[in-house]
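# Residue-level structure breakdown
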Amino acid sequence: MTGEKKEWPLWEVFVRSKAGLDHKHCGSLHASDGNMALQMARDVYTRRSEGTSIWVVRSDQIFASDPAEKGMLFDPMESKVYRHPTFFKLPASVNHM
Amino acid sequence: MYTQAMDLGPQPTEGGGKEISADEKRLQLQFDARIDAGDFIEAKDWMPENFRKTLIRQISQHAHSEIVGMLPEGNWVTRAPTLKRKAILLAKIQDEGGHGLYLYAAAETLGISRDQMLDALHSGRAKYSSIFNYPTLTWADMGVIGWLVDGAAIMNQVPLCRCSYAPYARAMVRICREESFHQRQGFDALLTMMTQGTAQQRAMVQDAVNRWWWPSLMMFGPPDVDSPNSAQSMRWGIKRISNDDLRQKFIDATVPQSEVLGVQLPDPDLKWNEARGHYDFGLIDWKEFWQVVGGDGPCNRERLAARVSAWEDGAWVRQAAMAYADKHTEPQRAS
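For clarity, every value in this text was computed on a predicted model and none was experimentally measured. (Residues numbered from 1 in each chain as written. Chains lettered and ligands numbered in written order. Predicted model: local features only at pLDDT ≥ 70, side-chain atom pairs only at ≥ 80, totals over all residues. Heavy atoms only, no water.)

Our next topic: the overall build of chain A. Of the regular secondary structure elements, chain A holds two helices and three strands. The order of α-helices and β-strands along chain A, N terminus first, is β-β-α-β-α. Relative to the 2.2 N^0.38 estimate, which gives 13 Å for 97 residues, the radius of gyration of chain A is 21 Å and therefore markedly larger than a compact globule would have. Considering only C-alpha atoms, chain A reaches an extent of 70 × 35 × 15 Å along its principal axes. Within the span of chain A, comprising 97 residues, buried residues form 25% of the whole. With an accessible surface of roughly 7,400 Å², chain A has 59% of that area assigned to carbon and sulfur atoms. In chain A, which carries 13 positive and 12 negative side-chain charges, the distance between the mean positions of the two groups comes to 8 Å. (Helix = DSSP H or I, 4+ residues; strand = E, 2+ residues; numbered from the N terminus. Rg over C-alpha atoms; globule rule 2.2 N^0.38 Å. Buried < 20%, exposed > 50% of the residue type's maximum accessible area, 1.4 Å probe, protein only. Areas by Shrake-Rupley, 256 points an atom, 1.4 Å probe, with all protein chains shown as cover. Lys, Arg positive; Asp, Glu negative; His and termini not counted. Charge placed at Lys NZ, Arg CZ, Asp CG, Glu CD.)

The following block contains the structure:
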């Protein structure tokens, strides 16, 4: 089994721009392992102080919803308007709730 | 800019005259409706096979252009006149490596591997922007490349931020944010030479402008009338503005900039046309363009040879890294 034909796996990169915020997905890269992925992510995705923390995840570890099921998964929410605070009209004096 | 020439040559057209199933017809109609509505297509969405093929070719060639584009500038890293300019040039070149990465990543979402794309480049089947087949002869070339070549690139890339294929559009947003520094640093270097330099330095700048102006205009691709594939790309929402329109926008924006620098653009026919509200300009030598695109420019062979040796000489590093990773992988623990 030759290493030559084995491509480095793909990693997804998530960067937290500053303390208190979430890590946001910002791109992907190929690296041979987690440490290299972190270093490369630092080199590519934080060149202009975009981040204070990096997560890298192997792309094949990500479970994603199927776009074909988008309707089935997310349409039911449209009729459940009572989940929103704005559904409830209250007297002005207590409306700050 | 690096998308110039990407839609040259035979391109898959929609339909292709094959029998398609009722299911596929429905999906095609849905797809067309989404494009017409200005929706973004994501990686796992259904798309016509030819849409996929066109994007793979355009995005991968765009990526190749970024990487090959590092070479003419790499020439001047050891020759930069000051530490400041050297650091700036290094940063620009590093950015371009990163841009290549964003674009390869976007192309890979369409089902092609990095190895396959690089193989196409190294074997000469894939193209890259022909502007990089010109030599960088003086330090002033670095400034002019930033000003004109990156300027043209920005003109081309801004509309791509709204391209219908979302991974490509997102890569372009990232690239455009960083590209502006590339143009500004070039203009800044030229301004320094023109306003604070010697007569010899000013002449060097003018010479560089003379050599890079026309190739920069060619970056927008052949005239619309000679670009049969533009229509399909526009129908699919990949291309938003025509070659000629982009070229005109670039010229209109650049002429005033040349006046600030105090350089002459090497076109005796360049003149403001009040009636049109645009600059008139001279005839482009498209023979030169086709020659360079076809592989016969000043540096084509040298550029490709450099890329091929970098790939081949680096093979042991890639193998060693994988061997190390395999040896040190933690066995999966039962949860």
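In this structure, Trp147, Val205, Trp213 and Phe250 of chain B are the most contacted members of the largest nonpolar core, which totals 49 residues. Secondary-structure elements contributing two or more residues to this core are helix 4 (83-108), helix 6 (139-160), helix 7 (166-196), helix 8 (199-218), helix 10 (243-261) and helix 11 (286-296) of chain B. A total of ten residues in this core trace back to one element, the largest contributor, which is helix 6 of chain B. The contact partners of tryptophan 147 of chain B, leaving out residues within four places of it in the chain, are Gln183, Gly186, Phe187, Leu190, Val209, Thr254, Gln257, Ser258, Leu261, Val263 and Leu265 of chain B. Of all hydrophobic cores here, the second largest spans 47 residues; its members include Trp8 and Val13 of chain A together with Ile35 and Ala107 of chain B. (Core = buried A, V, L, I, M, F, W, Y, C linked by side-chain atoms within 4.5 Å. Contact = heavy atoms within 4.5 Å.)

The next thing to look at is the environment of serine 164 of chain B. Residues and elements named next belong to chain B. Here serine 164 is to be found in the loop between helix 6 and helix 7. Overall, serine 164 belongs to the buried group, its relative accessible area being 2%. Separated by 73 residues in the primary sequence, serine 164 and glycine 237 place their C-alpha atoms 5.1 Å from one another. Sequence-distant contacts of serine 164, defined by excluding residues within four places in its chain, comprise Ile35, Asp39, Phe40, Ile41, Phe51, Trp236, Gly237, Ile238 and Arg240. Looking at serine 164, its side chain comes within polar contact range of the main-chain oxygen of tryptophan 236, at 2.7 Å. (Polar contact = N/O pair within 3.5 Å; in protein donor to acceptor, adjacent residues only side chain to side chain.)

At the interface, 25 residues of chain B touch 20 residues of chain A. In total, about 1,800 Å² of surface goes out of reach between chain B and chain A, with carbon and sulfur atoms giving 51% of it. A per-residue breakdown of the area chain B buries against chain A is headed by Leu101, Arg174 and Met322 of chain B, which together make up 27% of the total. Seen at the junction of chain B and chain A, the total is four salt bridges. Counting across the interface, chain B meets chain A through ten residue pairs in polar contact (both at pLDDT 80 or more). Within the residue set of the side of chain B that touches chain A, elements represented by two or more residues are helix 4, helix 5 (114-122), helix 7 and helix 13 (315-327) of chain B. For the side of chain B that touches chain A, the residue count by class is eleven nonpolar, four polar and ten charged. (Buried area = accessible area lost by both parts, 1.4 Å probe. Salt bridge = Lys/Arg side-chain N within 4 Å of Asp/Glu carboxyl O. Nonpolar A, V, L, I, M, F, W, Y, C, P; charged D, E, K, R; others polar.)

Moving on, we get to the sheet that holds strand 3 (residues 53-58) of chain A. Residue and element names in this part refer to chain A. Here we have three strands laid out as an open sheet, ordered 2-1-3, and antiparallel in their pairing. The two strands at the open ends of the sheet, each matched to only one other strand, are strand 2 (23-30) and strand 3. Across the sheet, the mean angle from the axis of one strand to that of its neighbour is 25°, orientation sign disregarded. (Pairing = 2+ DSSP bridges. Axes fitted to C-alpha atoms, helices over the stretch in contact; angles between N-to-C directions.)

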